[in-house]
Amino acid sequence: MAATGTMRRSFGSLAFSISKRAFSTSPSPVDANGLKSMNLFSAINHALQIALESDPRAYVFGEDVSFGGVFRCTTGLADRFGKGRVFNTPLCEQGIVGFGIGLAAMGNRAIAEIQFADYIYPAFDQIVNEAAKFRYRSGNQFNCGGLTIRAPYGAVGHGGHYHSQSPESFFCHVPGIKVVIPRSPKQAKGLLLSCIRDPNPIVFFEPKWLYRLAVEEVPEHDYMLPLSEAEVIRQGTDITLVGWGAQLAVMEQACSDAEKEGISCELIDLRTLLPWDKETVEASVRKTGRLLVSHEAPVTGGFGAEISASMVERCFLRLEAPVARVCGLDTPFPLVFEPFYMPTKNKILDAIKSTVNY
């Protein structure tokens, strides 16, 4: 995929490029190591191809998916696998998820797409009261573990309050489901395949800001990445930073700027928010003595509050400063005021310095 005006973003051993323009959907060559340059939506598309190809019980459905969807994540799938396995649904989110629960309960791999995470709320009852409790209320006689719900979330630069929300914390309060958010193309492919094959219903939020902007060398073969296992993507000694999804790229920039001022930051990608990897975060906080959590969702009731409370419980005597949270504001997601709402690099850098100098 040819690109112009790209900037490299290094995440420890991982590096991907952020481009100033969209990328072609034409295929790129596979190198000698079996790697192929993909942006995030192409990696999602490739994971769905593998899921459909490797399991005849897999189905992909949602609004407009048969022609590729608004973000092109399902491009070519209906042509390749037929409209009996990749098909459009009515504009009815509760119907999409309810159908997916039934399909999964019959032993199938139901991969449902919610066109924007902002519109997942009509399906809230189906996810929370049906999918999450299906196994528990039947005493494990029945389950809908084959259900995966994909939904693009987060800011996109011009989405306003109906196309920019980050609703992950709503679902992190619900036992019985898993919540997963990738940060890059390689992560997206491996985590999505793990979600599709996991024996539990999963909500998989995709950072739409990165669909075309994030480009990475992704293995061409079928692979899975572990769920509920955080990844330390930058080693440090002075402060621990925890985030997920698109926010990791912003946090990495803040870490790089802090390093220029002599502050060593350890950066952790949580990857799975429910159930989350407390042990990895705890080990880091015990080492650094400081913690900063950042996410796009509003600060009040955001998942950062859960991380903060858990680390205070586990590491109270090791903390050198209060836990810092750099998050979205407690307002509806704005349109023209989006730059003021977002947890930017400079906001994070200021919080890093304030916490270290406490």
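Starting afresh in each chain, residues are numbered from 1 along the sequence in its written order. Since the coordinates come from a predicted model, pLDDT governs what is reported: local features require at least 70, and pairs of side-chain atoms require 80 or more to be given and counted, while whole-chain, interface and lining totals use all residues. Computation of side-chain values: all heavy atoms of the structure, hydrogens and water removed.

The protein is annotated in an unreviewed UniProt entry as 3-methyl-2-oxobutanoate dehydrogenase (2-methylpropanoyl-transferring) from Vitis rotundifolia. UniProt positions are given in the numbering used here, feature names are shortened, and annotations may be inferred rather than shown by experiment. Per UniProt, the protein has the following entry under Cofactor (unreviewed entry): "thiamine diphosphate".

A.B. asks: Run through a nonpolar patch on the surface, naming residues and quoting values.
C.D. replies: Patches here are clusters of residues that have more than 30% relative accessible area and form no salt bridge, with a 9 Å joining cutoff for like charges and a 5 Å cutoff for nonpolar side chains (Val, Leu, Ile, Met, Phe, Trp, Tyr). To be clear on the numbers: accessible area is Shrake-Rupley with a 1.4 Å probe, and residue cover counts the displayed protein chains and nothing else. Any carboxyl oxygen of Asp or Glu that lies within 4 Å of a side-chain nitrogen of Lys or Arg is treated as forming a salt bridge with it. A grouping of L335, V336, F337 and F340 is seen on the molecular surface, where their side chains present a nonpolar patch of about 480 Å² in accessible area. Topologically, F337 is positioned in the loop between strand 16 (324–328) and helix 11 (338–341). Secondary structure is summarised from DSSP: a helix means a run of H or I of at least four residues, a strand means a run of E of at least two, and numbering begins at the N terminus for each.

A.B. asks: Give me the lowdown on the domain arrangement of the protein, citing residues and values where you can.
C.D. replies: Each domain span listed reflects an automatic or database assignment of domains. For the protein, the domain assignment lists domain 1 (11–219) and domain 2 (231–356). Computed from C-alpha atoms alone, the centre-to-centre distance between domain 1 and domain 2 is 25 Å. By definition, residues are in contact when any of their heavy atoms lie within 4.5 Å. Between domain 1 and domain 2, the residue contacts involve 30 residues of the former and 25 residues of the latter. Where domain 1 abuts domain 2, roughly 2200 Å² becomes buried across the two surfaces, and 61% of that area is made up of carbon and sulfur atoms. The tally of links between domain 1 and domain 2 comes to two salt bridges. Values labelled buried area give the accessible surface lost by two parts on being combined, using a 1.4 Å probe and summing over both.

A.B. asks: Residues and numbers for the packing of helix 1 (residues 40–54) against helix 7 (residues 185–197), please.
C.D. replies: Axis separation between helix 1 and helix 7 bottoms out at 8 Å; the angle between their running directions is 30 degrees. When the axis of helix 1 is compared with that of helix 7, the two are roughly parallel. Regarding helix 1 and helix 7, the two cross each other, and that crossing is right-handed. Touching L40, A43, I44, H46, A47, L48, I50, A51 and S54 of helix 1 are P185, A188, K189, L192, L193, I196 and R197, all from helix 7. Fitted lines through C-alpha atoms give the axes, limited to the stretch in contact for helices. The angle between two N-to-C directions lies from 0 to 180 degrees. Geometric relationships in this document are graded by angle, where less than 35 degrees denotes roughly parallel, more than 145 denotes roughly antiparallel, 65 to 115 denotes roughly perpendicular, and other angles denote oblique. Less than a right angle of anticlockwise turn of the near helix away from the far helix marks a crossing as left-handed, whereas a clockwise turn marks it as right-handed.

A.B. asks: Tell me what's going on with the UniProt feature "domain: Transketolase-like pyrimidine-binding" (unreviewed entry) in the protein, and back it up with residues and numbers.
C.D. replies: The sites that UniProt annotates as "domain: Transketolase-like pyrimidine-binding" (unreviewed entry) are residues 38–213. Along residues 38–213 one finds 35% helix and 18% strand; the C-alpha atoms at either end are 10 Å apart.

A.B. asks: Can you tell me about the sheet that holds strand 8 (residues 178–180), naming the residues and giving the values?
C.D. replies: Here we have seven strands laid out as an open sheet, ordered 5-4-6-7-9-8-14, and mixed in their pairing. Two strands lie at the open edges of the sheet, namely strand 5 (86–88) and strand 14 (272–274), each paired on one side alone. Neighbouring strand axes in the sheet, compared pairwise and without regard to direction, differ in orientation by 20 degrees on average. As paired elements, strand 8 and strand 14 share two bridges and run antiparallel to each other. Paired with V179 across the bridge in strand 14 is L274. Packing against the sheet, helix 1 makes contact with strand 4 (58–62), strand 5, strand 6 (109–113), strand 7 (147–153) and strand 9 (202–207), and its axis sits at approximately 135 degrees to strand 4. Strands strand 4, strand 5, strand 6 and strand 7 of the sheet are contacted by helix 3 (residues 93–105), whose axis makes an angle of about 170 degrees with strand 4. Strand pairing is defined by DSSP finding a minimum of two bridges between the two strands.

A.B. asks: For the sheet that holds strand 13 (residues 265–269), give the residues involved together with the corresponding values.
C.D. replies: Each strand in a sheet pairs with its neighbour through backbone hydrogen bonds, running either in the same direction (parallel) or in the opposite one (antiparallel). In spatial order, the strands read 11-13-12-15-16; together these five strands make up an open sheet with mixed pairing. In this open sheet, the two strands that pair with only one neighbour each are strand 11 (231–234) and strand 16. Neighbour-to-neighbour, the strand axes of this sheet turn through a mean angle of 25 degrees, independent of strand direction. Judged from the five bridges that link them, strand 12 (residues 239–243) and strand 13 form a sheet pairing that is parallel. In the strand pairing of strand 13, I239 is matched with C265.

A.B. asks: Any details on helix 12 (residues 345–356)? Residues and values, ideally.
C.D. replies: Look at helix 12: 16 Å from first C-alpha to last across twelve residues, which is about the 16 Å you get at 1.5 Å a residue. Among the residues of helix 12, I348, L349, A351, I352, T355 and V356 are the ones counted as buried. Burial along helix 12 is one-sided: seen end-on, the buried residues are contained in an arc of 165 degrees. Buried residues belonging to helix 12 abut strand 12, helix 8 (247–260), strand 13, strand 15 (291–298) and strand 16. Helix span, as expected, comes to 1.5 Å for every residue beyond the first. Categorising residues by exposure relies on relative accessible area from a 1.4 Å probe, with only protein chains included: less than 20% of the type maximum marks a residue as buried, more than 50% marks it as exposed, and the intermediate range marks it as partly exposed. When we speak of the arc, we mean the arc of directions from the helix axis to the C-beta atoms.

A.B. asks: Describe the nonpolar core, naming the residues involved and giving the relevant values.
C.D. replies: Definition used in this section: a nonpolar core is a set of buried Ala, Val, Leu, Ile, Met, Phe, Trp, Tyr and Cys residues joined via side-chain atoms within 4.5 Å. F205, L241, W244, L270, I307 and I352 are the most contacted members of the largest nonpolar core, which totals 68 residues. When residues of this core are assigned to domains, at least three fall in each of domain 1 (11–219) and domain 2 (231–356). Sequence-distant contacts of L241, defined by excluding residues within four places in its chain, comprise M251, C255, C265, E266, L267, I268, L292, I348 and I352. Counting 38 residues, the second largest nonpolar core, distinct from the first, contains A47, L77, V180 and I196.

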